[in-house]
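Residues per chain, in single letters:
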Amino acid sequence: MSRLEKRMILLCALYSLASFLSKSFVNVYLYEYTQSFVIMAIYTFVRIMFFPIANVIGGKLIKKFKYAVTIFIGLMFVTLSLVFALTQTKLFEMNKYFVLVAALLTGIGEGLYWFSINSCHQIVTTNESRTTYLSNLGTFNNLSTFIAPFIATFIISFSLNDMVGYTYILYLILILYVIITCIALTINKKDERGCNYSFRKCISLKDKRWANVCLGIFFYGVTNSLTLNLTSIMIYNAAGSGGLYSKLLSFFSIIVVISLRFLPYALRKERMMKTYVIASLINISSTIVLVLVDNIVGAIYFGISNALVTAFYDNSYSKCHMDVTAMYSDDLTGRVVAKEFYIGSGRCLAMAFIVLCYYVLGEAAYLKVAVISLSLFPVLSCYFLTRYLKD
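Quick caveat, the model's predicted, so the values are computed rather than measured.

Analysis parameters
- Residues numbered from 1 in each chain as written.
- Predicted model: local features only at pLDDT ≥ 70, side-chain atom pairs only at ≥ 80, totals over all residues.
- Heavy atoms only, no water.
- Helix = DSSP H or I, 4+ residues; strand = E, 2+ residues; numbered from the N terminus.
- Buried < 20%, exposed > 50% of the residue type's maximum accessible area, 1.4 Å probe, protein only.
- Contact = heavy atoms within 4.5 Å.
- Areas by Shrake-Rupley, 256 points an atom, 1.4 Å probe, with all protein chains shown as cover.
- 1 Å grid on protein atoms, 1.4 Å probe; cavity = no way out; pocket = protein on both sides within 12 Å on 5 of 7 lines; lining within 4 Å.
- Points joined across faces, edges and corners; volume = space filled by probe spheres on them.
- Nonpolar A, V, L, I, M, F, W, Y, C, P; charged D, E, K, R; others polar.
- Phe/Tyr/Trp six-rings, centres within 6.5 Å; stacked < 30°, edge-to-face > 60°.
- Core = buried A, V, L, I, M, F, W, Y, C linked by side-chain atoms within 4.5 Å.
- Axes fitted to C-alpha atoms, helices over the stretch in contact; angles between N-to-C directions.
- Parallel < 35°, antiparallel > 145°, perpendicular 65-115°, else oblique.
- Left-handed = near helix turned anticlockwise from the far one by under 90°.
- Expected span 1.5 Å × (residues − 1).
- Bend = angle between axes of the 7 residues up to and from the residue.
- Polar contact = N/O pair within 3.5 Å; in protein donor to acceptor, adjacent residues only side chain to side chain.

**Points about the overall build of the protein chain**
Argument step 1. If you tally the helices and strands in the protein chain, you get 17 helices and 0 strands.
Argument step 2. When burial is assessed residue by residue, the protein chain has 59% of its 391 residues classed as buried.
Argument step 3. Counting contacts in the protein chain only where the partners sit at least 6 residues apart, residues at least 24 apart contribute 86% of the total.
Argument step 4. Carbon and sulfur atoms make up 65% of the accessible area of the protein chain, which totals about 16100 Å².

In structure tokens form, the structure reads like this:
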């Protein structure tokens, strides 16, 4: 691998460590103040709604600046959201909906970050190096998620209570973002080819191959929205305490690391789609069991199943859409923006559906109906991505 590819992997691994801590514990931290799945669904909706907006902004900025600048700006917004969450707890106690300010800042920051990183993934790799790159990227990202729960367990174990522990975790995330920002400033890449793109052209579904990939991405986003905060909160509720919750995450991470040994084999072109389909079916069962068996048994089943297939599911999906994006290298920036638009739209639709279920079905039934319904969408994602491979 090139030096730039190695630097990208280091940056992404550190971000995965910070992101895992953020997803698993910041969501729980905010949930402790809101005590509402519905508000957290709205939180995710607002956060994801700003992804496409931030991507369009990133597409404009990259005409004048290098990706290091857009990564830096994105991380600054995410850092601001964490500082807000840490310092404005009295606002949350006064009105739960103040958490949406953190969602707005996070959405803009993560949108700019992922636009930059996904563009850099395309630029620094070739069709020949992409499988190796994604395999190593997945290995180090998952090693980060393996380490994260142990760090969290250590912090919580020596804290006065769970909430104090979550606060220390937030401070650690801030430190990681500073380190990541320093590395990001060394990524001196700029897209010289695809800056002058037409957003309308890139989101158009007239091209059959591009349409199949975009629809596959959209339906992937619908189910992926569940993992952004709701599943971590459901596991936390099933565990009953922050200590047990972090220990469960540590156990699940060990399984992820073991499964990574088989990742290069599964990402070979002739096996990639079969891997994605099998992983999708297991993911469907895991989320359904989690919401129906709302105790420690359901949480353990979800964690083990998810840990076994996440690397195969996410990396097969990434390899597929990166390969097709490389075919449109003349408007690379526009294609990345379009992909983020479709995955963001799928996630927003899912969160809006959860809120709708709450108001239509009531508190007793809405979560089960919503989660089970959204869990089935990987079937459609598999269908459209399979059609792309056949084309």
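**What to know about the layout of surface pockets**
Argument step 1. Considered as a void within the structure, the largest pocket measures approximately 420 Å³ in volume.
Argument step 2. Taken together, 20 residues line the largest pocket, and the ones lying closest to its centre are Phe37, Asn237, Glu363, Tyr366 and Leu367.
Argument step 3. Of the residues assigned to the lining of the largest pocket, the class counts are 14 nonpolar, 3 polar and 3 charged.

**Details of the packing of aromatic side chains**
Argument step 1. Summed over all chains, the structure comprises 12 aromatic pairs.
Argument step 2. With 5.6 Å between their ring centres and 85 degrees between their planes, tyrosine 15 and tryptophan 114 make a pair best called edge-to-face. Remark: tryptophan 114 occurs in helix α5 (residues 99-124) and tyrosine 15 occurs in helix α1 (residues 3-34); sequence separation between them is 99 residues.
Argument step 3. A residue is classified by how much of its surface remains accessible, and tryptophan 114, at 30% relative accessible area, is partly exposed.
Argument step 4. Measuring from centroid to centroid gives 5.1 Å for tyrosine 358 and tyrosine 359, while their planes differ by 80 degrees, and the two rings are edge-to-face.
Argument step 5. Here a set of aromatic residues connected by ring pairs shows up, and it is made of Phe218, Phe219, Phe377, Tyr383 and Phe384.

**Looking at the nonpolar core**
Argument step 1. In terms of nonpolar packing, the biggest core is built from 117 residues, with Leu30, Ile173 and Tyr177 touching the most fellow members.
Argument step 2. For this core, the leading source of residues is α1, giving 15 residues.
Argument step 3. Contacts of leucine 30, omitting those with residues within four sequence positions, involve Met40, Tyr43, Ala85, Phe92 and Val99.

**Some words on the packing of helix α3 (residues 67-87) against α5**
Argument step 1. Packing of α3 against α5 brings their axes to within 8 Å, and their N-to-C directions diverge by 155 degrees. It follows from the interaxial angle that α3 and α5 lie roughly antiparallel. Relative to α5, the crossing made by α3 is left-handed.
Argument step 2. Residue classes in the contact of α3 with α5 are distributed as 18 nonpolar, 7 polar and 1 charged.

**Brief notes about α5**
Argument step 1. For α5, which comprises 26 residues, the first-to-last C-alpha distance of 37 Å matches the rise-based estimate of 38 Å (1.5 Å per residue) to within 8%.
Argument step 2. Counting buried residues in α5 gives 23 out of 26 residues, a clear majority hidden from the surface.

**What to know about the environment of phenylalanine 218**
Argument step 1. By the secondary structure assignment, phenylalanine 218 is in helix α9 (residues 208-228).
Argument step 2. With relative accessibility at 18%, the residue phenylalanine 218 sits in the buried group.
Argument step 3. Considering only alpha carbons, one finds phenylalanine 218 and lysine 339, 121 residues apart in sequence, at a separation of 8.3 Å.
Argument step 4. Each residue touching phenylalanine 218, except ones within four places of it in the same chain, is listed here: Tyr342, Ser345, Gly346 and Leu349.

**What to know about helix α14 (residues 296-326)**
Argument step 1. Taking 1.5 Å per residue, 31 residues should reach 45 Å; α14 reaches 44 Å between its end C-alpha atoms and fits that length.
Argument step 2. At valine 309, α14 shows its maximal bend, which comes to roughly 50 degrees.
Argument step 3. In terms of burial, α14 is a largely internal element, 23 of the 31 residues being buried.
Argument step 4. Measuring from the side-chain oxygen of the N-cap residue of α14 to the backbone nitrogen of valine 297 gives 3.0 Å; that N-cap residue is asparagine 295.

**Details of the packing of helix α6 (residues 130-157) against α14**
Argument step 1. α14 packs onto α6 with a crossing angle of 145 degrees between their chain directions and a minimal axis gap of 11 Å. Note that α6 runs across α14; the crossing there is right-handed. Residues Arg130, Thr131, Leu134, Gly138 and Asn142 of α6 form the contact with α14, whose participating residues are Ala311, Asn315, Ser318, Lys319, Met322, Asp323 and Ala326.
Argument step 2. Among the residues forming the contact of α6 with α14, the class breakdown is 4 nonpolar, 5 polar and 3 charged.

**Structural notes on the side chain of glutamate 5**
Argument step 1. Relative to the elements of secondary structure, glutamate 5 occurs in helix α1.
Argument step 2. With relative accessibility at 4%, the residue glutamate 5 sits in the buried group.
Argument step 3. Setting aside residues no more than four positions away along its own chain, glutamate 5 makes contact with Val124, Thr125, Ser129 and Tyr133.

**Topic: the side chain of threonine 181**
Argument step 1. Structurally, the position occupied by threonine 181 is in helix α7 (residues 162-184).
Argument step 2. Not counting the four nearest positions on each side in its chain, threonine 181 is found in contact with Phe72, Leu75 and Met76.

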